[in-house]
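# Structural description and commentary
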Amino acid sequence: MTGERDVVVLGVGLHPFGRFPDRSLDDLARHAAVAALDDAGITFREIEAGFVGRVGGTGPPVGVGTRIFSELGQHGIPITNIELACGSSSRALMHAADMIRAGSAETAMVIGVEKMERGMLQVGGAGATSYASVMGLNVMPAAYAMRAQRHMAEYGTKPEHFAQVSVKAHRNAMHNPYAQYRVAITLEEVLGSRMVCDPLTLYQCCPTSDGASAVVLASETWARRRTASPVWLAAWAGGSPVYENGHEGLGEGPTGAVARRAYARAGIGPEDIDVTQVHDAFTPGEILTIEELGYVKPGDGGPFVFGGGTEITGKYPVNTDGGLLSRGHPMGATGGAMVTEVVRQLRGQAGARQVEGARAGLVQNAGIGGVNVLVLSA
Amino acid sequence: MAVADTGRRVPLNPDMVEMPASAGGLPRLVGSCCPACGARFAARRAICLQCAYRGLERCTLSPTGTVWTFTVVRQQPPGSVPQVPYAIAQVQLDDGPIVAAPLVDTAIEVVRVGLPVEMTLCDAGRDADGNTLVAHAFRARQEEKR
Ligand SMILES: [Zn+2]
């Protein structure tokens, strides 16, 4: 489009995901940021805008973005905090990309970071004392479990279909040195683990995690001086729940509609996507999302996953790095980690989890109140 | 010293539950309705999601519906009055809106998508004056009573 500039992902970096009681939020963020700067081959002084995606478990609630970026240097750039629950850093990436596309900056860095408490994710945060929490309705796995039950009733999806998502995620994470859980697990072990919210067992729920991600974006003209083979951030789109037929935003947002906008902007369709990262906070996330992304027809997601369709060698490889289930889910860091994995895949740097010949990738990252879809291409 | 039980039942959230005006009456779910387009919403809101009309009116919602989807919670969430295992559901009311609620007085094994349910109340603790707090819940419809 005239007047709009193309955006390149110039560098990516992570702090490993897991539990790091001896490291502060700043430590995690600085580690990922330095890795991304080194990956981009630039210095922090060349960054023209900063964004931080963080939800806010432990640590200070106000002004965290400026403090984290001050670890890297102080040259007066605008720094913005973005909070969209588990979709914070992908939404931050979208706004950073908007700045570059519009010509407001040549470069930008997005840091996603989180330190979390152990235990079950609570809607609205631990210790929330709303009417819903008193009534026992404030249960994060329940939201996904109810979507799973509806899918089972409508399409005949089976508990083992959901469980297989976790088996595949754990197998992929074995090849990811940044993953929280790098151990294989069988279908029987997933199905036999403690039931949390029917049909979801414990091993179908993502862990709570500490970790950080960082992504450096640049305009095409700026990036051309640094790299001969850029990875493009080809399109991005976000959304929030839609009121329809009495349903007031039961989910995280209209993934299907948002994906269609991203496909249209990128000038491609679902059949062109070689590698995908979806928001599998709980196993239904993968099965329901591949349907919404248009990879399979509604109702076909369960058998498709169970038959290996989302394996690294399958038709639509999904969550090649282990996903939220095994890589881990430090909420604010997750979107940036998904982009990091797609960039490594498109560069051919994914080692044992490499999807052969991957040229186009997609990230779907969702949080309470919103969903983001980003399309990348080599 | 413990406050004496008054024997009175009061809603934990009066914007969700309306108690019966007379003994033997039924409690009702409170919602909002749109005088312009007729849309109905669970809980109170000011502006219509369907047509943007400002000034929705308080109304009571259908006490019956069907389970749109459900799950059984088996790990105790902090602060929850219901104790595991308990079922929760998204209930599609007969007059349209969907409302989240615990399912009570209903065996977990019989809960399914499409189960006909009716509104009831469940205990939600006690207030400082000794009143029993109640909140909305649903249970399997007992057709023979109707
Ligand atoms: Zn209206």
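Residues numbered from 1 in each chain as written. Chains lettered and ligands numbered in written order. Predicted model: local features only at pLDDT ≥ 70, side-chain atom pairs only at ≥ 80, totals over all residues. Heavy atoms only, no water.

Before going further, it helps to examine the overall build of chain B. The helix and strand tally for chain B stands at 0 helices and 10 strands. Reading chain B from its N terminus to its C terminus gives the helix and strand order β-β-β-β-β-β-β-β-β-β. Here the C-alpha coordinates of chain B stretch approximately 50 × 35 × 35 Å along the principal axes. Here chain B, with 146 residues, has 44% of them falling under the buried criterion. Nonlocal contacts in chain B, meaning residues at least 24 apart in sequence, comprise 50% of its contacts between residues at least 6 apart. Per element, the accessible surface of chain B, about 7200 Å² overall, is 51% carbon and sulfur. Distance between charge centres in chain B, computed from 15 positive and 14 negative side chains, equals 4 Å. (Helix = DSSP H or I, 4+ residues; strand = E, 2+ residues; numbered from the N terminus. Buried < 20%, exposed > 50% of the residue type's maximum accessible area, 1.4 Å probe, protein only. Contact = heavy atoms within 4.5 Å. Areas by Shrake-Rupley, 256 points an atom, 1.4 Å probe, with all protein chains shown as cover. Lys, Arg positive; Asp, Glu negative; His and termini not counted. Charge placed at Lys NZ, Arg CZ, Asp CG, Glu CD.)

This brings us to the pattern of salt bridges. Residue and element names in this part refer to chain A. Counted under the stated rule, the structure contains 23 salt bridges over all chains. Residues Lys 297 and Asp 300 are paired through a salt bridge, measuring 3.5 Å at the closest nitrogen-oxygen approach. Lys 297 gets classed as exposed once you look at its relative accessible area, which sits at 58%. Taken together, the shared-partner salt bridges in this structure form one network comprising Asp 27, Arg 30 and Glu 71. (Salt bridge = Lys/Arg side-chain N within 4 Å of Asp/Glu carboxyl O.)

Below, the discussion takes up the coordination of the zinc ion. Residues and elements named next belong to chain B. Every protein donor of the zinc ion is listed here as Cys 34 (SG), Cys 37 (SG), Cys 48 (SG) and Cys 51 (SG), and their distances to the metal cover 2.3 Å. Classification of the site at the zinc ion as tetrahedral follows from its 4 donor atoms and the range of 106 to 113° in their angles at the metal. Sequence spacing of the donor residues for the zinc ion, all on one chain, is C-x2-C-x10-C-x2-C. (Donors = N, O, S within 2.8 Å, 3.2 Å for Na, K, Ca; no water. Tetrahedral: all angles 85-135°; square planar, octahedral: opposite > 155°, others 65-115°.)

Time to look at the environment of A:His31. Along the polypeptide, A:His31 turns up in helix H1 (residues 25-40). Separated by 18 residues in sequence, A:His31 and A:Gly13 place their C-alpha atoms 8.2 Å apart.

So, on to the packing of aromatic side chains. The geometry of an aromatic ring pair comes down to the distance between the two centres and the angle between the two planes. As enumerated under the stated definition, the model contains 5 aromatic pairs over all chains in all. Relative to A:Phe69, the ring of A:Phe44 has its centre 6.0 Å away and its plane inclined at 25°; by these criteria the two rings are stacked. Residue A:Phe44 is found in the loop between H1 and strand E2 (50-53), and its partner A:Phe69 is found in helix H2 (residues 64-70); the two are separated by 25 residues along the sequence. Geometrically, the ring pair formed by A:Tyr243 and B:Phe41 is tilted, given 5.5 Å between the ring centres and 50° between the ring planes. (Phe/Tyr/Trp six-rings, centres within 6.5 Å; stacked < 30°, edge-to-face > 60°.)

Here we take up the packing of helix H6 (residues 159-173) of chain A against helix H10 (residues 284-292) of chain A. All names here are of chain A. Two numbers describe how H6 lies on H10: the axes approach to 8 Å, and their chain directions differ by 105°. Comparing the axis directions of H6 and H10 gives the class roughly perpendicular. Facing His 161, Phe 162, Val 165 and Lys 168 of H6, the residues of H10 in contact are Pro 284, Glu 286, Ile 287 and Leu 288. Tallied by class, the residues present in the contact of H6 with H10 amount to 5 nonpolar, 1 polar and 2 charged. (Axes fitted to C-alpha atoms, helices over the stretch in contact; angles between N-to-C directions. Parallel < 35°, antiparallel > 145°, perpendicular 65-115°, else oblique. Nonpolar A, V, L, I, M, F, W, Y, C, P; charged D, E, K, R; others polar.)

A word on helix H5 (residues 140-155) of chain A. In this model, H5(A) (16 residues) spans 23 Å end to end at C-alpha, consistent with the 22 Å of a helix rising 1.5 Å per residue. Among all positions of H5(A), only A:Met140, A:Pro141, A:Ala142, A:Tyr144, A:Ala145, A:Met146, A:Ala148, A:Gln149, A:His151 and A:Met152 are buried. Buried residues in H5(A) make contact with H6, strand E5 (195-197), strand E6 (200-201) and H10 of chain A together with strand E6 (64-73) and strand E7 (86-93) of chain B. After H5(A) finishes, the residue A:Gly156 shows a positive phi value of roughly 80°. (Expected span 1.5 Å × (residues − 1).)

Our focus in this paragraph is the confidence of the model for chain A. Confidence in the prediction of chain A, expressed as mean pLDDT, is 93, and 94% of residues score 70 or more. Ignoring residues within four places in sequence, the model shows residues 123-128 of chain A, a span with pLDDT below 50, making 10 contacts including any to other chains. (pLDDT = per-residue confidence, 0-100.)

The next subject is unusual backbone geometry. All names here are of chain A. Cis rather than trans, the peptide bond between Asp 198 and Pro 199 has omega equal to 5°. Unlike most non-glycine residues, Ala 85 shows phi in positive territory, near 50°. Since its relative accessible area comes to 9%, Ala 85 is described here as buried.

Grouped together as the largest cluster of nonpolar side chains are 84 residues, with contacts concentrated most on A:Leu217, A:Leu233, A:Leu374, A:Leu376 and B:Phe138. Setting aside chain neighbours within four positions, we find A:Leu374 in contact with A:Ser90, A:Leu93, A:Met94, A:Leu233, A:Ala235, A:Trp236, A:Val339, A:Gly361, A:Leu362 and A:Val363. Counting 30 residues, the second largest nonpolar core, distinct from the first, contains A:Val8, A:Leu37, A:Val64 and A:Val113. (Core = buried A, V, L, I, M, F, W, Y, C linked by side-chain atoms within 4.5 Å.)

To continue, consider the sheet that holds strand E12 (residues 360-367) of chain A. Pairing between the strands of a sheet comes from backbone hydrogen bonds, and it takes one of two forms, parallel or antiparallel. Residues and elements named next belong to chain A. If you walk across this open sheet you meet the 9 strands as E3-E2-E4-E7-E1-E8-E13-E12-E11, and the pairing is mixed. Of all strands in the sheet, those with a lone pairing partner are strand E3 (79-82) and strand E11 (275-277), marking the two edges. On average, each strand axis in the sheet is inclined to that of its neighbour by 20°, with strand direction left out of account. As defined by bridge partners, E12 adjoins strand E13 (residues 370-377) across 8 bridges and the pair is classed as antiparallel. By the bridge assignment for E13, Gly 361 is matched with Leu 376. Strand contacts of helix H13 (residues 334-347): strand E1 (7-18), strand E7 (210-219), strand E8 (231-239), E11, E12 and E13, with the helix running at about 115° to E1, the strand carrying the most contacts. (Pairing = 2+ DSSP bridges.)

Time to look at the side chain of A:Thr107. Residues and elements named next belong to chain A. Here Thr 107 lies in strand E4 (residues 107-114). You can call Thr 107 buried: its relative accessible area is 0%. A polar contact of 2.6 Å, which involves the side chain of Thr 107, links it to the backbone oxygen of Glu 46. At 2.9 Å, the side chain of Thr 107 forms a polar contact with the backbone nitrogen of Glu 48. Residues in contact with Thr 107, not counting those within four places in the same chain, are Glu 46, Ile 47, Glu 48, Ala 49, Ile 100, Leu 217, Ala 218 and Trp 222. (Polar contact = N/O pair within 3.5 Å; in protein donor to acceptor, adjacent residues only side chain to side chain.)

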